[in-house]
Amino acid sequence: MKARRNKKQVPSFRKLLKTSKVKLENKLKNKQFKQQSTLKKYRKEQRKLRQAVRDAVSKKPVPLEDPKEKRPGKRIEREEEEEEEALPLDMMDEDDLQLMKDLGQRASFLTRDLSSSEPIHAKKRKHERVIDKYEKIPRTLQTAPEKELIHLLPIKDKSGIIPQTREKPVTDSNQDEEDQEETEPEEEIVEEPIRELTLEEHLIERKKKLQEKKMHIAALASAIISDPESNIKKLKELRCMLMEQDPDVAVTVRKLVTVSLMELFKDITPSYKIRPLTEAEKSTKIRKETQKLREFEEGLVSQYKFYLENLEQMVKDWKQRKLKKSNVVSLKAYKGLAEVAVKSLCELLVALPHFNFHNNIIVLIVPLMNDVSKSISEMCCEAVKKLFKQDKLGQASLGVIKVISGFVKGRNYEVRPEMLKTFLCLRIKEVEVKKDTEDINKPKKFMTFKEKRKSLSRMQRKWKKAEEKLERELREAEASESTEKKLKLHTETLNIVFVTYFRILKKAQRSPLLPAVLEGLAKFAHLINVEFFDDLLVVLHSLIESGDLSYQESLHCVQTAFHILSGQGDVLNIDPMKFYTHLYKTLFKLHAGATNEGVEIVLQCLDVMLTKRRKQVSQQRALAFIKRLCTLALHVLPNSSIGILATNRILMHTFPKTDLLLDNESQGSGVFLPELEEPEYCNAQNTALWELHALRRHYHPIVQRFAAHLIAGAPSEGSEALKPELSRRSAAELFEAYSMAAMTFNPPVESSNSKKKVDFFIFSS
């Protein structure tokens with residue numbers, strides 16, 4: 001009974017039903033592995049025991065019989081020693097000898113041959129039977145130790161149950177000892193000294209290497225362009241050349257590969273954004289062509305991402321100015337590599353605004369617009385301007401504006417003015433901000449069934465239904481972006497621009513960014529909300545009165561104020577007389593030299609202040625401005641004089657009574673006061689335009705023509721009338737057309753007659 005109780009009870013049939021088949025299999029496997037592990041431990045102990053016996057046998061003294069009997073003298077001595085050693089055994093009793101023999105039999109495990117598996121003792125214990133059976137099995141040498149596995153819970157799939165296993169980590173302590181024994185000091189190999197190349201040989205070798213690299217780049221690039229879908233893997237091979245390690249050609253090869261990859265991406269990139277596939281799309285079966293296209297798109301996106309990361313790393317290396325361990329590229333070469341990388345980023349920014357990672361490129365480019373290096377800063381600013389000019393929808397422009405606004409705010413408005421001047425290239429003329437954004441281009445609503453039934457007949461309802469269906473289909477098929485989306489993007493962009501401008505006006509009035517802000521406000525003033533007009537005009541006037549601004553900045557303030565008043569500001573009851581006074585006072589402060597940039601702003605201001613607001617301008621004010629402009633025309637460069645005289649011509653047409661300035665007789669009382677800063681009270685009606693007679697003898701023929709035209713009263717017909725190419729152009733266009741910035745004279749100077757010079761020399765000789 002006791003034996004039965006000690007035995008493990010066999011599980012009942014019901015229990016077996018409850019237990020899953022997989023669990024039973026796992027239990028059986030775990031049991032087998034436990035047995036195998038105990039056997040392994042036993043084998044290890046046996047191995048150590050055998051090794052100990054071998055060591056004991058090898059440490060025995062000289063063998064009993066000497067196989068080499070060379071010296072007979074020694075042999076006789078050994079025999080005598082053996083006889084002496086054998087003496088004590090003869091002197092022993094029989095009982096002692098019998099005891100020694102029994103001990104020798106018991107110690108037979110030390111002397112017997114361990115390779116044989118024959119049993120020595122007749123009687124064996126019960127628990128040794130398993131070991132004996134295992135010992136009789138022939139040994140097999142294992143080159144690598146078996147890996148123990150741990151059985152985990154299975155996974156059920158469509159195909160069935162999949163068993164899960166994991167390798168058990170085994171730490172072999174003997175491995176380190178074996179590695180130490182195997183490592184022996186290697187013999188030093190003496191290399192032959194390499195012959196040093198001369199400078200000429202080195203240059204020839206470098207040229208040869210460079211030519212090979214160029215051919216390899218060209219072969220890869222041509223293969224990719226010819227069939228991008230099949231050769232997308234070669235794009236990776238080409239990109240890996242960015243890590244060129246040969247110090248002779250590393251810098252040149254990296255530059256060539258950077259530019260080549262940039263051009264390749266511009267050519268092979270599709271005209272849509274590639275999105276990642278969903279799990280459902282990956283699991284569905286597709287055609288071979290579709291699968292090939294998907295592989296191409298995935299490879300293109302991944303390689304494009306790695307390429308952008310490489311370009312970013314080039315710029316970082318130059319910024320940090322740290323040498324790498326490889327020391328392939330010198331510190332001086334970092335700037336050249338960085339310039340090529342920035343140029344590639346700028347090209348991709350402009351060429352691929354629709355593709356993936358465009359926002360990442362923007363985040364890289366915007367900080368470089370404020371870089372210390374002037375070349376890199378200008379390169380980035382030009383790229384952003386180009387992007388603004390070509391962006392019709394406004395999505396890419398909005399992304400750039402957001403990053404620039406955040407960057408300017410983060411730097412506490414201490415950035416280059418060129419960053420804000422890029423805002424002037426935004427294409428936001430078509431936005432109608434006069435109405436609320438909700439009222440702009442409301443989508444057309446179709447008539448309801450009740451409305452149709454009330455107002456239309458049965459046949460009309462039928463036609464209306466067909467018309468609405470056709471209109472819906474046309475809307476869906478329309479490829480261009482809707483006007484509604486475009487207006488929404490432009491409105492958001494303008495809001496960010498004005499927030500940036502107003503922050504600078506409020507917090508950084510003495511910042512070098514102020515001219516760019518005022519210039520931007522002057523351009524986009526007609527798009528500002530009416531609610532801000534009053535406050536903005538107060539701020540502009542306070543800036544002018546502070547006296548901290550240069551004459552150009554103050555002109556921008558005047559221009560902004562009148563742009564506001566000429567647009568939606570007509571409804572405001574604001575007297576702009578202080579701005580007229582300031583412009584009248586500033587005219588004589590204009591630069592008369594080569595940098596006559598202020599004249600262009602003055603011409604724009606005069607057009608807005610006098611021509612477009614003719615009904616709000618008095619005759620006294622128009623006379624004063626015409627007189628002062630004629631005086632100014634005597635001092636400035638020819639193109640500025642032409643622009644000013646063209647403005648006077650328009651003013652004389654706009655205000656016909658100003659022709660009294662062409663007479664010598666004075667009108668009314670008082671004397672003309674040219675030094676007075678108030679145009680209304682300087683008595684300009686009591687003077688004449690004597691400056692036109694001086695300008696009639698000007699060295700520039702176009703200035704002479706304009707002066708003669710104004711003296712004649714600016715007629716539209718007759719001998720003193722202007723040619724169409726002069727009369728149809730605006731003052732600003734004439735200013736640009738006759739500019740001398742390129743060091744050329746327009747019209748070109750006629751060459752003098754060489755025959756007269758020859759005759760003169762002959763006569764004098």
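Below is a short write-up of the structure. Computed from a predicted structure; not experimentally measured.

1. A few points about the pairing of strand S1 (residues 149-156)
Part 1: Bridging between S1 and strand S2 (residues 161-167) involves six bridges; their strand directions are antiparallel. The partner of Ile150 across the bridge, within S2, is Arg166.

2. Describing the environment of Lys233
Part 1: Locating Lys233 in the fold gives a position in helix H10 (residues 232-240).
Part 2: Residues Lys233 and Gly299, 66 residues apart in the sequence, show an inter-C-alpha distance of 7.6 Å.

3. Notes on the environment of Leu514
Part 1: Looking at the element boundaries, Leu514 is found in helix H22 (residues 514-524).
Part 2: On the basis of relative accessible area, Leu514 is assigned to the buried category, the value being 1%.
Part 3: The contact partners of Leu514, leaving out residues within four places of it in the chain, are Leu505, Gln509, Leu543 and Leu549.

4. Some thoughts on helix H25 (residues 577-586)
Part 1: A large share of H25 lies buried, amounting to eight of its 10 residues.
Part 2: Residues of H25 that are buried include every one of Met577, Phe579, Tyr580, Thr581, His582, Leu583, Tyr584 and Thr586, and no others.
Part 3: Buried-residue contacts for H25 involve helix H23 (533-546), helix H24 (551-566), helix H26 (597-611) and helix H27 (619-633).

5. Some words on H22
Because an α-helix completes one turn every 3.6 residues, residues spaced three or four positions apart along the sequence face the same direction.
Part 1: Counting buried residues along H22, eight of its 11 residues qualify, which places the element largely inside the surrounding structure.
Part 2: Inspection of H22 places Leu514, Ala516, Val517, Leu518, Gly520, Leu521, Ala522 and Phe524 among the buried residues, and these make up the whole buried set.

6. Concerning the nonpolar core
Part 1: Formed by 160 residues in total, the largest nonpolar core has its most connected members in Leu235, Leu238, Leu261, Leu300, Leu348, Phe423 and Phe706.
Part 2: With 11 residues, helix H14 (residues 331-351) is the single largest residue contributor to this core.
Part 3: Discounting residues that sit within four places of it in the chain, Leu235 has contacts with Ile224, Leu261, Leu264, Phe265, Ile268, Leu300 and Gln303.

7. Details of empty space enclosed by the protein
Part 1: The tally for this structure, following the rule as stated, stands at one cavity of 30 Å³ or more.
Part 2: Each pocket or cavity is described by its volume, and for the largest cavity that value is around 50 Å³.
Part 3: As for the largest cavity, its lining consists of Phe388, Asp391, Gly394, Ser397, Leu426, Arg427, Ile428, His490 and Thr493.
Part 4: Among the residues making up the lining of the largest cavity, the classes are represented as three nonpolar, four polar and two charged.

About the cut-offs
- Residues numbered from 1 in each chain as written.
- Predicted model: local features only at pLDDT ≥ 70, side-chain atom pairs only at ≥ 80, totals over all residues.
- Heavy atoms only, no water.
- Pairing = 2+ DSSP bridges.
- Helix = DSSP H or I, 4+ residues; strand = E, 2+ residues; numbered from the N terminus.
- Buried < 20%, exposed > 50% of the residue type's maximum accessible area, 1.4 Å probe, protein only.
- Contact = heavy atoms within 4.5 Å.
- Core = buried A, V, L, I, M, F, W, Y, C linked by side-chain atoms within 4.5 Å.
- 1 Å grid on protein atoms, 1.4 Å probe; cavity = no way out; pocket = protein on both sides within 12 Å on 5 of 7 lines; lining within 4 Å.
- Points joined across faces, edges and corners; volume = space filled by probe spheres on them.
- Nonpolar A, V, L, I, M, F, W, Y, C, P; charged D, E, K, R; others polar.

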